[in-house]
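Structural description and commentary
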Amino acid sequence: MGTYVYAITAADHPLRLDGVRGIGEPATRLRTVRARDLAAVVSDAPGSLRAKRRDLLAHQGVQSRLMSDGAVLPMRFGLVGDDDEQVAAVLAEQHDAYAERLAEVGGRLEFNLKVAREEDDLLREIMTDSDEVRRLNARTRQESATHQDKMALGELVAREVQARQERTGSELVERLSPAAERSAVSEPTGSHFLNVSFLVPRERTAAFSEAVHQEAERRGDAYTFTLHGPLPPYSFV
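Now for a description of the structure that goes with this document. (Residues numbered from 1 in each chain as written. Predicted model: local features only at pLDDT ≥ 70, side-chain atom pairs only at ≥ 80, totals over all residues. Heavy atoms only, no water.)

**Side note on the sheet that holds strand 8 (residues 192-201)**
- Pairing in this open sheet of four strands is antiparallel, and the strands run 7-8-6-9 from one edge to the other. Edge positions in the sheet fall to strand 7 (182-186) and strand 9 (223-231), since each of these pairs with one other strand and no more. Between one strand axis and the next, the sheet turns by 20° as a mean value, whatever way the strands run.
- Helix-sheet contacts for helix 6 (residues 147-176) involve strand 6 (108-117), strand 7, strand 8 and strand 9, and the interaxial angle to strand 8 is about 15°.
- In the packing of helix 7 (residues 205-219) onto the sheet, the strands contacted are strand 6, strand 8 and strand 9, and the crossing angle to strand 9 comes to about 170°. (Pairing = 2+ DSSP bridges. Helix = DSSP H or I, 4+ residues; strand = E, 2+ residues; numbered from the N terminus. Axes fitted to C-alpha atoms, helices over the stretch in contact; angles between N-to-C directions. Contact = heavy atoms within 4.5 Å.)

Take a look at the structure:
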């Protein structure tokens, strides 16, 4: 069956889990596995484990209840050990690393920021700033334009788009980092050119949200800022 792992905490962490159920249908009962001064909050793993909405919410619900009482290392959905003994062995083996991470995330929450920019706005900026883009663009509009001309224009614009998005992303992370303790940049998703998570002390979450709002206002309507949080500090464990 296996042992499903939700989170790692200190062994003396309050475990107010009455009324909180784990994943599965019927919902599994929560328990702890201990090793030295660490504890893993676990349950039996269902025979068939898929990322259903009900199970995702149950997984997050356990972590949210634990986080309300102190530092937690949240495990990502779907982590299953062979049994309780194997989970305890890993806790003991990785004790120092887990203890260090718990100290780092104590009293801190994660915010994830994704930023997109309207394509037309970016292309207008490139056309305005780059003499070479304007020259190639004019050439491709002539009857004598070749396929190579069009390819050269497309490649140049693509390089400019990437360079400007990377530069803007770096500027945004630099401007917002003073309001946080740490940041972790991930691969962009979809239309977003920036996907970054920030680790923020609990008492500074309002100030961080306001800093993001001010930056969005400064950038203008061509930019879309999407802020998710507070979240368990997945990106920092």
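**A short note on the pattern of salt bridges**
- For the coordinates displayed, the defined rule picks out 20 salt bridges.
- Its salt-bridge partner being Arg-54, residue Asp-55 comes within 3.6 Å of it at the nearest N-O pair.
- Asp-55 gets classed as buried once you look at its relative accessible area, which sits at 4%.
- Where Asp-121 meets Arg-117, a salt bridge forms, and the shortest distance between an N and an O atom there is 2.8 Å. (Salt bridge = Lys/Arg side-chain N within 4 Å of Asp/Glu carboxyl O. Buried < 20%, exposed > 50% of the residue type's maximum accessible area, 1.4 Å probe, protein only.)

**Re the pairing of strand 3 (residues 38-44)**
- Burial analysis of strand 3 places six of its seven residues in the buried class, which makes it a mostly covered element.
- The pairing of strand 2 (residues 31-35) with strand 3 spans five bridges and is antiparallel. Its bridge partner being in strand 3, Val-33 is matched across the sheet by Ala-40.
- Connecting the antiparallel pair strand 2 and strand 3 is a turn made up of two residues, with Arg-36 showing a positive phi of about 55°.

**Considering the pairing of strand 7**
- Sheet topology places strand 7 next to strand 8; five bridges connect them, and they run antiparallel. The residue bridging Ser-186 from the neighbouring strand is Asn-195, located in strand 8.

**So, the environment of Leu-153**
- Tracing the backbone shows Leu-153 in helix 6.
- When the C-alpha atoms of Leu-153 and Val-87 are compared, they prove to be 56 Å apart, with 66 residues separating the residues in sequence.
- Sequence-distant contacts of Leu-153, that is, excluding residues within four places in its chain, are made with Val-133, Leu-136, Asn-137 and Thr-140.

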